[in-house]
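Chain residues, written in single-letter form:
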Amino acid sequence: MKLWVKILLTSIIVLSLLYIFIHIFLFFQGKAVIIKQLERLTQKKVSIAYFGIIPPLNLDIENLVIENLAKADSIYVSPSILGFLTGNIAFNNIKIIRPEFTYERALSSATGLPAAVTAGEGRKPAARFIFKRLKIQDGKINFIDHTIADTGISLTLKDINFSLDNLFVLPHSVITNFDLRAKIPWEKGTEEGRVSAEGWLDLFKKNMQASLKIEDIDGVYLYPYYSTWVDLEKARIEKAKLNFSSNIHSLNNDMVADCHLELTDIVRKPRSAEEPEEKAEKITNAVLDIFRALNQGKIILDFTIRTKMDRPEFGFGSIRAAFEEKLVRSRKGGAVKVEDVLKFPANLLQGTVKSATDLTNAVIDGVFSVGRELKRAVEDTLKK
């Protein structure tokens, strides 16, 4: 018998024995091993209702529960044997059906600053991961922010459909493509928001190109995030709907997000003829009319966020800063013209507020300080 035939037969026998051994090991110990590893990673109690093997060596997991963190109806895993033999934790395909994740953001007991409640935060990856394809179908994410207001605020993403191709957590440049579609249920009886995101990223080079859209945002539901500088009750704002979009790109970890925020619908609370008009309502009307004058009748805010791809930072503070900057820039650039003043509420243009200059001094300077300073500055003018 030729040598190469002997080598071939020997290799086939060894691989067959290895396959049988792995199959027997997973059949008897696979469920316990997975539970143990997940408990070690998450520091949470883990349970699996069913664990099975689909030939040749694919895993079927049903009713996975990670206490207070995640659960999934079904998980299909197709591991890459070649990837494991090269020292990586590699998967050809992972499909997760109806998963539900819970993420809580709490105040740090030591500093009083926001701290994420996540397992293993700050640890470096213990292994190199490869995901050729990851797909999530009909998922759900519950986000609970305890850092906002006394009772906190809860947000949910539902009907999540997410796909990701070629994610390599390796010291190697690889283009990873992703696509996300989801819905945001607001309060009962209101229209659901819609979320979409798509693009690509390179984790090694920290490059990225993506687009994000969030439509039909319930601005009133998110009020706790900006309650310190806007008073919706006194401004008599009952409903506010917004759309947000952003084109995001990163080069060598320098991330720039060009953002567009548009107020598409606003509903004011009715006021009886005997009820006096709140000064905060007058200020709101003036500011909204300034924005309409600047954007051909639309209420639009365009701004840019600069951050890092590996440590992205976004928040309502960026929107507030852009809001202030636009109002100040409109005054310096003369964007609010005398003829535009005629469009503003007549009851605000009484007394000393009779020109664009007076209006910007009375309103824009107040808005620049935001919240309490805004109220104080404008009230002094309105009292005249």
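Reading the values: rules and limits
Residues numbered from 1 in each chain as written. Predicted model: local features only at pLDDT ≥ 70, side-chain atom pairs only at ≥ 80, totals over all residues. Heavy atoms only, no water. Helix = DSSP H or I, 4+ residues; strand = E, 2+ residues; numbered from the N terminus. Buried < 20%, exposed > 50% of the residue type's maximum accessible area, 1.4 Å probe, protein only. Contact = heavy atoms within 4.5 Å. Areas by Shrake-Rupley, 256 points an atom, 1.4 Å probe, with all protein chains shown as cover. Phe/Tyr/Trp six-rings, centres within 6.5 Å; stacked < 30°, edge-to-face > 60°. Core = buried A, V, L, I, M, F, W, Y, C linked by side-chain atoms within 4.5 Å. Patch = residues over 30% accessible without salt bridge, like charges linked within 9 Å, V, L, I, M, F, W, Y side chains within 5 Å. Salt bridge = Lys/Arg side-chain N within 4 Å of Asp/Glu carboxyl O. pLDDT = per-residue confidence, 0-100. Polar contact = N/O pair within 3.5 Å; in protein donor to acceptor, adjacent residues only side chain to side chain. Pairing = 2+ DSSP bridges.

Thoughts on the overall build of the chain
For step 1, the next point in the chain: If you tally the helices and strands in the chain, you get 8 helices and 13 strands.
For step 2, the next point in the chain: Taken over 384 residues, the chain has a buried fraction of 37%.
For step 3, the next point in the chain: Within the chain, counting contacts between residues at least 6 apart in sequence, those at least 24 apart form 54% of the total.
For step 4, the next point in the chain: When the accessible surface of the chain is summed, it comes to about 23,000 Å², and 57% of that surface belongs to carbon and sulfur atoms.

Considerations on the packing of aromatic side chains
The description of two aromatic rings rests on the distance between their centres and on the angle between their planes.
For step 1, the next point in the chain: For the coordinates displayed, the defined rule picks out 4 aromatic pairs.
For step 2, the next point in the chain: Each ring, one from Y103 and one from F143, has its centre 5.7 Å from the other, and the planes form 15°; the classification is stacked. Residue Y103 is located in strand β4 (residues 89–107), and its partner F143 is located in strand β6 (residues 129–145); the two are separated by 40 residues in the primary sequence.
For step 3, the next point in the chain: Pairwise contacts between aromatic rings join F91, F129 and F131 into one cluster.

Some details on the nonpolar core
For step 1, the next point in the chain: Counting residues in hydrophobic clusters, the biggest one holds 67 residues, and the most contacted among them are L301 and F303.
For step 2, the next point in the chain: For F303, the residues in contact, after removing those within four places along its chain, are F244, A257, D258, C259, L261, S318, I319 and A322.
For step 3, the next point in the chain: Residues A90, I130, F168 and L170 belong to the second largest nonpolar core, which totals 5 residues.

Comments concerning a nonpolar patch on the surface
For step 1, the next point in the chain: Side chains of I13, L17, Y19, I20, I24, F27 and F28 sit close together on the surface and give an oily, nonpolar patch of about 770 Å² of accessible area.
For step 2, the next point in the chain: Tracing the backbone shows Y19 in helix α1 (residues 3–42).
For step 3, the next point in the chain: Exposure remark for Y19: the relative accessible area of 34% places this residue in the partly exposed category.

Let's talk about the confidence of the model for the chain
For step 1, the next point in the chain: When pLDDT is averaged along the chain, the result is 79, and 79% of the positions lie at 70 or above.
For step 2, the next point in the chain: Note on residues 116–125: pLDDT under 50 across the span, and 11 contacts to partners over four residues away in sequence or across chains.
For step 3, the next point in the chain: Counting contacts from residues 336–384, a segment whose pLDDT is below 50, to residues more than four positions away or on other chains yields 76 contacts.

Looking at the side chain of T176
For step 1, the next point in the chain: Secondary-structure assignment places T176 in strand β8 (residues 176–184).
For step 2, the next point in the chain: Taking relative accessible area as the criterion, T176 reaches 2% and is therefore assigned buried.
For step 3, the next point in the chain: Here N166 takes part through its backbone oxygen, which lies 2.5 Å from a polar atom of the side chain of T176.
For step 4, the next point in the chain: Discounting chain neighbours no more than four positions away, the residues touching T176 are L164, D165, N166, L167, F168, G199, W200 and L201.

Focus on the pairing of strand β1 (residues 46–54)
For step 1, the next point in the chain: Two strands pair when backbone bridges link them, and β1 and strand β2 (residues 58–66) are joined in this way by 8 bridges, in the antiparallel orientation. Directly across from G52, in β2, lies its bridge partner D60.
For step 2, the next point in the chain: The hairpin turn running from β1 into β2, its antiparallel successor, is 3 residues long.

Brief notes about the environment of R320
For step 1, the next point in the chain: Here R320 lies in helix α5 (residues 316–332).
For step 2, the next point in the chain: Along the sequence, R320 and W229 sit 91 residues apart, while their C-alpha atoms lie 8.8 Å from each other.

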